[in-house]
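Tertiary structure, described
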There are 2 protein chains.
Amino acid sequence: MPLNWKLTLAYDGTDYRGWQVQPELPTIQGELAAAVERITGERVLPQGSGRTDAGVHALGQVASFVLKAPIPAENLHRALNRTLPAAIRVLGAESMPEDFHARHSARSKWYEYRIFRGEVCPPWTARYVYALHWPLDVEAMRRAAAAFVGEHDFRSFAASDPDVAARGSEDAEESHVRTIFASGWAEEDDLLIYRVHGNGFLHHMVRNLVGTMIGVGRRQFDAEDMPGLLALRDRSAAGATAPARGLFLYSVCY
Amino acid sequence: MPLNWKLTLAYDGTDYRGWQVQPELPTIQGELAAAVERITGERVLPQGSGRTDAGVHALGQVASFVLKAPIPAENLHRALNRTLPAAIRVLGAESMPEDFHARHSARSKWYEYRIFRGEVCPPWTARYVYALHWPLDVEAMRRAAAAFVGEHDFRSFAASDPDVAARGSEDAEESHVRTIFASGWAEEDDLLIYRVHGNGFLHHMVRNLVGTMIGVGRRQFDAEDMPGLLALRDRSAAGATAPARGLFLYSVCY
């Protein structure tokens, strides 16, 4: 009987062109498919809970796929970690009911964005943070973060994707409404960390929220402007897209 | 008046072909020389306290060079960190008496070798450790480490370099005698760390000591064999060379 597998994955996205498989380019999905095929001989396309962009990391991405041949979970787990590059690790492997799907079954996600505030960013940290030396008004950034909690139209914070536009889905009035359950900044040693939990995220949404809140920290925006920015539903009204290297997909909730 | 500069450097050696400048290849010395030239217009070849091999990291490498034009230390420090790749950081910049030389003035060095012992090695740790899942007899490894303290001929633990042999320096009976002041293993969370302090180290010496002590941990050698291995003065008698990625040049003492 075929088994429906759920994998929990951590990866360093620095050297990958994101999650989604692309011909000739290193991607997480591509590496995972290749490893599964090398181990089982079966060609599958593992489905992720969502795509992560080039350079974005994961502490708890989830992927699912169906394998025809039976294999004990422990063996699949170990064989994958022996076969995958060290930058991609399987943290857990379990077989699920057949209706489980990494993307369709996901109920919410946590993301984390890390800003480094110290004097000199150590070489072993630089791949995983955005190093920012400007003074930042963290209290104002906290007020801005709180303004995103709740159900909002996040069009002002969504990438205006040329490929999406070309497919005509902008015209189709795809919904940009998402619900954010938690949104806040924490200071931990030299790190300033944004943690956000929501039922879904638009393309570049976390990086655009962070880029805009950095603008608040630098007094280019007021924290009290956030509801107005949301209401404008205009990407050009909000701040810059923060670099990919500071972003982690932290966990996916089912 | 020309100033003699001392830089303290940390680097992630993963993506570099070692310290020493090589045409067309990324090296630490090459990146540093390029950054100094971009900032000051002066072409210098920074001298390191010693070469580190491809893939070896540094927490406190030291380099020295002379610049004709005056520049405040703070400005040189900041400009270098703005110009260098994020994998190379300047931790300190100071001007020294003219007889200071990063290599000739060095009195001793500390190295650190990190072995990861946990179940799954996180992607952000994998570049900086040797992940080893075999059972290891750590007490035997501690006894072996203690046997290296003192003045010994370390030929059994020195790389038999083809280029050195070609230059004829093996015939010249170059000394392989070095003094080790401290040598021991520490367990810190998921890491097993070898720390060694000596007045000098032969090429590959730390990695060969570690590879041999891993052999002790796996019961391929006895801890009590170490004095005998030293006495043989034969590289083929000792264990394998441990991978570069676990090795850090920790500090240089003057």
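Along each chain, numbering runs from 1 in the same order as the chain's sequence is written. As a convention, the first chain written is A and the first ligand written is 1, with the rest following in written order. Only residues with pLDDT of at least 70 get local features here, since the model is predicted, and only at 80 or more are side-chain atom pairs given and counted; chain-wide, interface and lining totals rely on the full set of residues. To obtain the side-chain values, all non-hydrogen atoms of the structure were included, while hydrogens and water were left out.

**Quick word on the overall build of chain A**
Only DSSP runs of H or I covering at least 4 residues are called helices, and only runs of E covering at least 2 are called strands; the numbering of each starts at the N terminus. The secondary structure content of chain A amounts to six helices and ten strands. We compute the radius of gyration from the C-alpha atoms alone; for a globule the expected value is 2.2 Å times N to the 0.38, where N is the number of residues. For chain A, the C-alpha radius of gyration of 19 Å lies close to 18 Å, the compact-globule estimate for 254 residues. Seen through its C-alpha atoms, chain A measures out along the principal axes to roughly 60 × 45 × 30 Å. The buried label goes to any residue with under 20% of its type's maximum accessible area, the exposed label to any with over 50%, and the partly exposed label to all in between, with areas taken from a 1.4 Å probe on protein chains only. Within chain A, buried positions represent 52% of all 254 residues. When the accessible surface of chain A is totalled, it reaches about 11800 Å², and 49% of it is carbon and sulfur. The Shrake-Rupley method, run with a 1.4 Å probe sphere, supplies the accessible areas, and residue values consider only the shown protein chains as cover.

**Here we look at the interface of chain A and chain B**
Residue contacts are counted whenever heavy atoms from the two residues lie within 4.5 Å of one another. Facing the 22 residues of chain A at the interface are 22 residues of chain B. In total, about 1400 Å² of surface goes out of reach between chain A and chain B, with carbon and sulfur atoms giving 73% of it. For this document, the term salt bridge refers to a Lys or Arg side-chain nitrogen within 4 Å of an Asp or Glu carboxyl oxygen. At the junction of chain A and chain B, the tally comes to zero salt bridges. N or O atoms within 3.5 Å of each other form a polar contact, as long as, within protein, one can give a hydrogen and the other can take it, and as long as residues adjacent in sequence are counted only when both atoms are side-chain atoms. Taken together, chain A and chain B are joined by zero residue pairs in polar contact (both at pLDDT 80 or more). Of all the elements in the fold, those that place two or more residues in the side of chain A that touches chain B are strand 1 (3-11), strand 3 (57-67), helix 2 (73-83) and strand 4 (88-96) of chain A. Each residue is assigned to one of three groups, with Ala, Val, Leu, Ile, Met, Phe, Trp, Tyr, Cys and Pro labelled nonpolar, Asp, Glu, Lys and Arg labelled charged, and all others, Gly among them, labelled polar. The residue inventory of the side of chain A that touches chain B, partitioned by class, reads 15 nonpolar, three polar and four charged. Two parts placed together each lose some accessible area under a 1.4 Å probe, and the buried area is that loss summed for both.

**A closer look at helix 3 (residues 138-146) of chain B**
At 3.6 residues per turn, the α-helix brings residues three or four places apart onto the same side. All names here are of chain B. All buried positions along helix 3 are accounted for by Val138, Ala140, Met141, Ala144 and Ala145. Axial view of helix 3: buried residues confined to an arc of 155°, hence all on one face. Capping of helix 3 at its N-terminal end is provided by Asp137; its side-chain oxygen lies 3.3 Å from the backbone amide nitrogen of Glu139. Note that the arc is computed from the directions linking the helix axis to the C-beta atoms.

**Some words on the domain arrangement of chain A**
All names here are of chain A. An automatic or database domain assignment provides the domain bounds reported here. As far as domains go, chain A holds domain 1 (3-96) and domain 2 (108-253). For domain 1 versus domain 2, the distance between C-alpha centres works out to 27 Å. At the junction of the two partners, domain 1 supplies 16 residues and domain 2 supplies 15 residues. Here domain 1 meets domain 2 over a buried area of about 1200 Å², counting both sides, of which 53% is carbon and sulfur. Of all residues in domain 1, Asp53, His57 and Leu59 bury the most surface against domain 2, accounting for 41% of the area lost on that side. Between Arg127 and Asp15 there is a salt bridge; the shortest N-O distance is 3.3 Å. On the surface where domain 1 and domain 2 come into contact, there are 13 residue pairs in polar contact (both at pLDDT 80 or more). A class-by-class count of the residues in the side of domain 1 that touches domain 2 yields five nonpolar, eight polar and three charged.

**Some words on the side chain of A:Arg178**
Residue and element names in this part refer to chain A. Note on placement: Arg178 falls in strand 8 (residues 177-188). Just so you know, the count uses Lys and Arg for positive and Asp and Glu for negative, and it drops His and the chain ends. Buried and unpaired, Arg178 has no salt bridge, with Glu174 as the nearest side chain of opposite charge at 5.7 Å. Looking at Arg178, its side chain comes within polar contact range of the main-chain oxygen of Ser175, at 3.4 Å. Every residue in contact with Arg178, bar those within four places of it in the chain, is listed here: Gly150, Glu151, His152, Phe154, Asn199, Gly200, Phe201, Leu202 and Met205.

**Quick notes on unusual backbone geometry**
In terms of backbone geometry, most residues other than glycine have negative phi values and most peptide bonds are trans. Although it is not a glycine, A:Asp189 sits at a positive phi angle of roughly 50°. Looking at the element boundaries, A:Asp189 is found in the loop between strand 8 and strand 9 (191-198). For A:Asp189, a relative accessible area of 83% gives the class exposed. At B:Arg233, a position not held by glycine, the phi torsion is positive, near 50°. Along the chain, B:Arg233 turns up in the loop between helix 6 (226-232) and strand 10 (247-253).

**Here's the deal with the packing of aromatic side chains**
Pairing of aromatic side chains requires ring centres within 6.5 Å, counting the rings of Phe and Tyr and the six-membered ring of Trp. Pairs whose planes differ by under 30 degrees are stacked, by over 60 edge-to-face, and all others tilted. Applying the stated rule across the entire model yields 14 aromatic pairs over all chains. Relative to B:Tyr194, the ring of B:Trp185 has its centre 5.2 Å away and its plane inclined at 40°; by these criteria the two rings are tilted. An identical accessibility class is assigned to B:Trp185 and B:Tyr194; each is buried. Of the aromatic side chains, those joined through ring pairs into one cluster are A:Trp124, B:Tyr128 and B:Phe248. Here, over-ring charges are defined by two tests on the NZ atom of lysine or the CZ atom of arginine: distance to the ring centre within 6 Å, and angle to the ring normal within 35 degrees. In this arrangement the basic side chain of A:Arg218 is found over the ring face of A:Trp134, its NZ or CZ atom lying 3.2 Å from the centre.

**A word on the relation of the copies chain A and chain B**
Only residues with pLDDT of at least 70 in both copies contribute their C-alpha atoms to the least-squares superposition of the copies. When chain A is fitted onto chain B, the two copies agree to an RMSD of 0.0 Å after a turn of 180° and an axial shift of 0.0 Å. In short, the pair behaves as if placed about a two-fold rotation axis. Closest approach to the rotation axis within chain A is made by the C-alpha atom of A:Trp124, at a distance of 4.0 Å. The share of interface residues of chain A whose copies in chain B are also at the interface is 100%, consistent with both copies meeting through the same surface.

**Details of the packing of helix 1 (residues 28-40) of chain B against helix 2 (residues 73-83) of chain B**
Residues and elements named next belong to chain B. Contact pair helix 1 / helix 2: the axes reach a minimum separation of 10 Å and the direction vectors enclose 120°. In this structure, the crossing between helix 1 and helix 2 has a hand that is right-handed. From helix 1, Leu32, Ala35, Val36, Arg38 and Ile39 reach across to helix 2, where they touch Ala79, Leu80 and Thr83. Tallied by class, the residues present in the contact of helix 1 with helix 2 amount to six nonpolar, one polar and one charged. Lines fitted to the C-alpha atoms define the axes, with helices restricted to the stretch that makes contact. Angles between their N-to-C directions range from 0 to 180 degrees. We call a crossing left-handed when the near helix sits turned anticlockwise from the far one by less than a right angle, and right-handed when that turn is clockwise.

**Notes on the pattern of salt bridges**
Once their charged atoms are close, side chains differing in charge can pair, the charge on each being opposite to the other. Counted according to the given criterion, the structure contains 28 salt bridges over all chains. The shortest N-O distance in the salt bridge between B:Asp53 and B:Arg207 comes to 3.7 Å. Taken as a pair, B:Asp53 in the loop between strand 2 (47-48) and strand 3 (57-67) and B:Arg207 in helix 5 (residues 205-217) lie far apart in primary sequence, 154 residues in all. Given a relative accessible area of 12%, B:Arg207 falls into the buried group. Members of the salt-bridge network, linked through shared partners, are A:Glu112, A:Arg114, A:Glu188 and A:Arg195.

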